[in-house]
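Given next are the chains, with one letter for each unit.
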Amino acid sequence: MASEAIRLDGVEKSFGAVRALAGVDLTVAAGECLGLVGHNGAGKSTLMHVLSGNLTPSAGTLAIAGKPYDRQWTAAAAQAEGVRCVFQELSLCPNLTVAENVRIVHRPLKGLGWKGRARALIRQKLDEIFPNHGISPDDEIADLAIGQRQMAEIARAFTVTDGKLRLVILDEPTSSLDAVSAQQLLAYVKRETARGAAVILISHLLGEILSTADRIVVMKDGKTVADRKASGFTRNSLVAAMGSEAREHKRGAARMAGAEVMVSAQPRSGGTAALEARKGEIVGLTGLAGHGQTRMLLQIYEHRQASMKGALAFIAGDRQSDGVFNLWSIGRNITTRSLAALRKGGLIDLAAEARLAGEWKQRMAIRTPDVNNNILTLSGGNQQKALFARALASDAAIILMDDPMRGVDIGTKQEVYAMIRAEAEKGRTFVWYTTEIEELTHCDRAYVFRDGAIAASLGVDELTEEKMLQASFAEHTA
Amino acid sequence: MNRRFLRQALPFLTLAVVLAATFYVQPRTMSYFGLNLMLQYAVPIALATIAQMFVITVNDLDLSIGPFVGLVSCIGATLLFDNPALGVLALLAMIAAYGAVGALIHIRNLPSIVVTLGLSFVWLGIAVLILPSPGGKSPEWLKAIMNVHVPYAPFPIIAAIVIGVVVHLALMLSSYGVIARGAGGNPKALSRAGWSMLKTKVIMYMLAGFFGVLAGLALLGLTTSGDAHVADRYTLYSIAGVILGGGEFIGGRVSPLGAVVGALTLALAGSFLIFLKISPDWQIGAQGAILIIVLALRALVSYGEQKR
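How each quantity is defined
Residues numbered from 1 in each chain as written. Chains lettered and ligands numbered in written order. Predicted model: local features only at pLDDT ≥ 70, side-chain atom pairs only at ≥ 80, totals over all residues. Heavy atoms only, no water. Axes fitted to C-alpha atoms, helices over the stretch in contact; angles between N-to-C directions. Helix = DSSP H or I, 4+ residues; strand = E, 2+ residues; numbered from the N terminus. Parallel < 35°, antiparallel > 145°, perpendicular 65-115°, else oblique. Contact = heavy atoms within 4.5 Å. Nonpolar A, V, L, I, M, F, W, Y, C, P; charged D, E, K, R; others polar. Pairing = 2+ DSSP bridges. Patch = residues over 30% accessible without salt bridge, like charges linked within 9 Å, V, L, I, M, F, W, Y side chains within 5 Å. Areas by Shrake-Rupley, 256 points an atom, 1.4 Å probe, with all protein chains shown as cover. Salt bridge = Lys/Arg side-chain N within 4 Å of Asp/Glu carboxyl O. Buried < 20%, exposed > 50% of the residue type's maximum accessible area, 1.4 Å probe, protein only. Core = buried A, V, L, I, M, F, W, Y, C linked by side-chain atoms within 4.5 Å. Buried area = accessible area lost by both parts, 1.4 Å probe. Polar contact = N/O pair within 3.5 Å; in protein donor to acceptor, adjacent residues only side chain to side chain. Disulfide = S-S within 2.5 Å.

Attention shifts here to the packing of helix H3 (residues 98-105) of chain A against helix H10 (residues 175-185) of chain B. Interhelical geometry of H3 of chain A versus H10 of chain B gives an angle of 95° and a closest axis separation of 9 Å. The angle between H3 of chain A and H10 of chain B places the two elements in the roughly perpendicular class. Contact residues: H3 of chain A offers Glu-100, Arg-103 and Ile-104 of chain A, while H10 of chain B offers Ser-175, Tyr-176, Val-178, Ile-179, Arg-181 and Gly-182 of chain B. When grouped by side-chain class, the residues that make up the contact of H3 of chain A with H10 of chain B number four nonpolar, two polar and three charged.

Listed below in structure tokens is the structure:
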């Protein structure tokens, strides 16, 4: 085996109570293309941020070219050691030109004539990777199409001024590229690794990984669970390695088959398959994060190409930005969705409002001595309960949930799951986007989203992690 | 038609229109002396606008630049006149204070509007303590610089061009200027590339302080005596100048040449309104109207750009 480019030993990283990395050992050899796969939250992104110096691990060591790196591993140190990263959300400055963005990652590009050198550098690399790219080094990033931006950023990661290129990490690099450019990139990765640089390729297109990577590492729950030569994997064995052992299902048979259809909507972002939710049904939206599930919920909420019977309520997942009113009391936060029903002679009936808030504090078991306290006096989980109370206390027949259990502790989750079941029994309809596969066991049916479209519809007996992963990681037939 | 070019040309077109209108209303201004008289106060405004622009580059806003310029004029008329060494030291300390404010805003993640609004009262308070009523004397060399006679073109125009070109070279063409503007465009990308956002912000705030000091001194050279309230309107002038010049509040999109031209336009608009015999009470409103018209035009251009 060739000499190693970079090695991680026992790297751990926690965010509060969440353990994103639980002791990862990873070696990347020079001249190797390593495929990295795993489900949402498996720890891939955290690992990348550690490798690129943007996160400091809580424990563990890092070695460059076989020598332990004993100073602080920072983003600047990573740059200096030739470790580059193309992040999923682009890291270009939209107000600068392509050449100016090259300057940002290359300190030696300064002094007289730096712009000319930057232009030549990026033009040459773009021509090499993506012939016929149609990008001028003097184009402002904001003027480029999303695919061209991704090309520019990828090409920038492979440019070299001083020092050598040791490792390039590509996170979903083909997500905005058309099929031809994607093939050009994968071919280039092979040429670049042949020249001695290492590449880590992260992609949800397993075909890409299987055809390009020399070795594949599978991550799950913050650990690497499989590490083998790419030829040792097939599509199915890869999916099996990502998933967990089959879970028991305590769900009853699908009821509701003949019940009234409350919501029907077809994703505007793609596909022909439509979503349907019946009275009293809990419908899950799943698939990899960011493949159109939230957009689907918003589309329903905004009544665009969607029809529904009954009022809607929306439970946001991102509490801080879309959920709570920071300056209001717990009670006000709960009743704000029901103010229309609490009116008396054009004014709010304060007694009724207090009653409603008090009742839902009891029913949701919100842990507070007084609902008139500020909402921020609650823990995150209890704030989320208040948001559930806001939706459930309202007259809404259909409740849309946008991954509402983010960062909620397990005890609270169990209470809320029971509440959702009870409300569904009473005839309410839930459309539930979740990133946690276990939560699908609470659903009657689920739709798997991929690239903005519904890729599969799973019935109650098909709600397994394996089925869901199979549908999420579609074969890319380029 | 290239809309980006159109947008960049808009500040210059605005200036040309206002200039033409002034010449039409009062043809006698079309002379060396007339331009000199009309534009002399454009120099400190242009310097204050450049100061504001550095802060806007990193997505902040400085609401204290006006009182800061007033404070500089007070220090210049007292300390700098009586004891030049001590005066220079005091002015350097003020630039350092600006850097410290930038560091505070970045480290504590505070809204710059609130911090600088509070600071504006601090600057004003110090200025009033130094010089309770207008007075003091400008150092002779300052008066000499501000009243220098250049052949062929009036001094304010030459000064504006020099200021614009120097800052343009530094911010738009130099390799470090790219980092500064990138800090406004995508701070995350910048720190991912290993640049210190703290350092960048401190440098930009200190540059703002430096140009604020220059503005105060230039103003003192013209007025020849210090006054704590002399530049109270500069806060709004400087923001308006940056925006008139094609800058945007967020995203690191600024134009030094445009900002200087914006400052000239504002100074000229004041004279133009006087020639129209509009009372000073209405002037600020009329200047606001000019600003709104130009911004509406720009929004129109940008709208077409998006639709394309």
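Residue and element names in this part refer to chain A. Two elements, strand S20 (residues 445-450) and strand S21 (residues 453-458), share five bridges in a ladder whose sense is antiparallel. Paired with Val-448 across the two strands is Ala-456, which belongs to S21. The hairpin formed by S20 and S21 contains two residues between the paired strands, and Asp-451 there has a positive phi angle of roughly 50°.

We now examine a nonpolar patch on the surface. All names here are of chain B. Where nonpolar side chains cluster on the molecular surface, the patch consists of Phe-12, Ile-161, Val-165, Leu-169, Leu-173 and Leu-257 and spans about 500 Å² of accessible area. Structurally, Phe-12 is set in helix H1 (residues 3-25). Taking relative accessible area as the criterion, Phe-12 reaches 42% and is therefore assigned partly exposed.

In terms of nonpolar packing, the biggest core is built from 147 residues, with Ile-104, Phe-158, Ile-216 and Val-218 of chain A together with Ile-50 of chain B touching the most fellow members. Among all residues touching Ile-216 of chain A, those that are not within four sequence positions of it are Gly-35, Val-37, Ile-209, Leu-210, Ala-226, Asp-227, Arg-228, Ala-230, Phe-233 and Leu-238 of chain A. Formed by 42 residues, the second largest nonpolar core is a distinct cluster that contains Ile-330, Ile-366, Met-419 and Ala-446 of chain A.

What follows is about the pairing of strand S4 (residues 59-64) of chain A. Residues and elements named next belong to chain A. Looking at chain direction, strand S1 (residues 4-15) and S4 are connected through five bridges and run antiparallel. Residue pairing across strands places Arg-7 opposite Ala-63, the latter belonging to S4. In this antiparallel pair of consecutive strands, S4 and strand S5 (residues 67-68), the connection spans two residues, and Ala-65 shows a positive phi of 50°.

This brings us to the interface of chain B and chain A. Of the residues lining the interface, 23 residues belong to chain B; the matching set on chain A comes to 27 residues. The three residues of chain B that bury the most area against chain A are Ser-175, Val-178 and Arg-192 of chain B, which together make up 33% of that side's buried surface. At the junction of chain B and chain A, the tally comes to two salt bridges. Inspection of the chain B/chain A interface yields twelve residue pairs in polar contact (both at pLDDT 80 or more). Looking at the side of chain B that touches chain A, the elements that each hand over two or more residues are helix H9 (155-173), H10 and helix H11 (187-192) of chain B. Element by element, the count of residues in the side of chain B that touches chain A is highest for H10 of chain B, at seven residues. In terms of residue class, the side of chain B that touches chain A is made up of nine nonpolar, nine polar and five charged.

One pass over the structure, following the stated rule, counts zero disulfides over all chains. In this structure Cys-85 of chain A is a free cysteine whose sulfur lies 14 Å from that of Cys-33 of chain A, the closest cysteine sulfur available.

Take it as geometry only, folks, not as evidence of what the structure does.
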